[in-house]
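Working through the structure, step by step
Spelled out, the chains give:
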Amino acid sequence: MASVGGILVWVVNVCAILLLNLFSTASGDALKINFGYTGPIGPNNWGRLNPTFSACSTGKSQSPINIDSANLVINKNLKPLIMQYNHSEVATLVDNGFNVGIKYGENAGTLVVDGKTYNLKQMHWHSPSEHRLDGTQYAAELHLVHFAEDNSIAVLATLFHIGHPDPLMTKLQNKLNELARDVASQKETQIQLGTIDTHEIRKHTHKYYSYTGSLTTPPCSENVSWHILGKVRSISREQVEALRAPLDSRCKRNARPVQPLNGRQIQMYEVQVNVN
């Protein structure tokens, strides 16, 4: 009879495989979108669309959430996030249908959380933002998805308000336009980026919010370690439109509604500045 520990490892591995499959599209193949953000395939119905999506309806630790500053727990034992991102020689811009993202090869970088190392595998955008700060929904949100050796998942999130163009998006603009044209003409759903400097996505922060949640897209698997940076960055309206342009019409506004906390704590890390 399988041990409980063995079963848990199996479940984690299956969830990790499902997530990686969501961000793997065959070059030239038509995208098959099994969920969306409006109508019968919208978020309220995700749990009924496929047996593997059941956590979207039944899960008690779902994401995204509203971060209420009045109910934060200041945890002095939290440590700074250590982001070590490098030059990635294998990077692919991908239209997943429900979002635009970048898949990375090996050694793209790591995120160290409380001494545990997670490897950067992919990143993707949502617009408008999925997480909210005191009820405010922002223009966009970037998720950097990392996997540890045990296939546990840590996501680093950055929120964006409308303002100056985002430097990374500026460098990707031509490729995003090319991707939108290819998708419109039913050619390619992914474009090779070649070498990309992932060091540019490293963001120093004096504050972050941390909680345990889930994937924000089906299968909505739980036990995801979330870390939302406290500083809101800027992005231009044109860049937001570029992120939406290649997407399926049911996924142009690809933000899942906020989910109940169900007793979970949101912890905050903040550098304390001594004033003499």
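Scroll up for the structure.
Below is a summary of the structure that appears in this document. Each chain carries its own residue numbering, running from 1 in the direction its sequence is written. Local features are withheld for residues below a pLDDT of 70 in this predicted model, meaning they are given only at 70 or higher, and side-chain atom pairs are given and counted only at 80 or more; totals for whole chains, interfaces and linings count all residues. Values shown for side chains rest on all heavy atoms present in the structure; no hydrogens or waters enter the calculation.

Geometry is summarised by axes, namely lines fitted to C-alpha atoms with helices restricted to the contacting stretch, and by angles between N-to-C directions that run from 0 to 180 degrees. Put simply, DSSP marks the helices as runs of H or I at least four residues long and the strands as runs of E at least two long, and each gets a number from the N terminus on. For the pair helix α4 (residues 167-184) and helix α5 (residues 237-244), interaxial distance at closest approach is 11 Å and the crossing angle is 40 degrees. The orientation of α4 with respect to α5, classified from their angle, is oblique. With respect to the hand of their crossing, α4 and α5 are arranged in left-handed fashion. Where α4 abuts α5, its residues M169, T170, Q173 and L176 lie against Q239, A242 and L243. As a working rule, the residues Ala, Val, Leu, Ile, Met, Phe, Trp, Tyr, Cys and Pro are called nonpolar, Asp, Glu, Lys and Arg charged, and the rest polar, with Gly in that last group. Tallied by class, the residues present in the contact of α4 with α5 amount to four nonpolar, three polar and no charged. For classification, angles of less than 35 degrees are called roughly parallel, those exceeding 145 degrees roughly antiparallel, those between 65 and 115 degrees roughly perpendicular, and all remaining angles oblique. Crossing handedness follows the turn of the near helix against the far one: under a right angle anticlockwise gives a left-handed crossing, and clockwise gives a right-handed one. In this description, contact between two residues means that some pair of their heavy atoms is separated by no more than 4.5 Å.

What follows deals with the side chain of R256. Structurally, R256 can be placed in the loop between α5 and β18 (266-270). Exposure categories follow from relative accessible area, calculated using a 1.4 Å probe and restricted to protein chains: below 20% of the type maximum is buried, above 50% is exposed, and the middle band is partly exposed. None of His or the chain ends enter the tally, which takes Lys and Arg as positive and Asp and Glu as negative. For this document, the term salt bridge refers to a Lys or Arg side-chain nitrogen within 4 Å of an Asp or Glu carboxyl oxygen. Despite being buried, R256 has no salt bridge partner; E130 is the closest side chain of opposite charge, sitting 6.9 Å away. One polar contact links the side chain of R256 to the main-chain carbonyl oxygen of S63, over a distance of 2.8 Å. Nitrogen and oxygen atoms within 3.5 Å of one another constitute a polar contact, given that in protein one can donate a hydrogen and the other can accept it, and given that sequence-neighbouring residues count only through two side-chain atoms.

Let us now look at α4. Each α-helix winds once per 3.6 residues, and so residues spaced three or four apart point in a common direction. Between its first and last C-alpha, α4 extends 26 Å over 18 residues, near the 26 Å set by a 1.5 Å rise per residue. To get the bend at a given residue, fit one axis to the seven residues ending there, fit another to the seven starting there, and take the angle between those axes. Maximal helix bending in α4 amounts to about 50 degrees, located at Q173. Within the sequence span of α4, burial applies to L168, M169, L172, L176, L179, A180 and D182. Q186, located one to two residues past α4, shows a positive phi value of around 60 degrees. Helices are assigned an expected span. That span is 1.5 Å times one less than the residue count.

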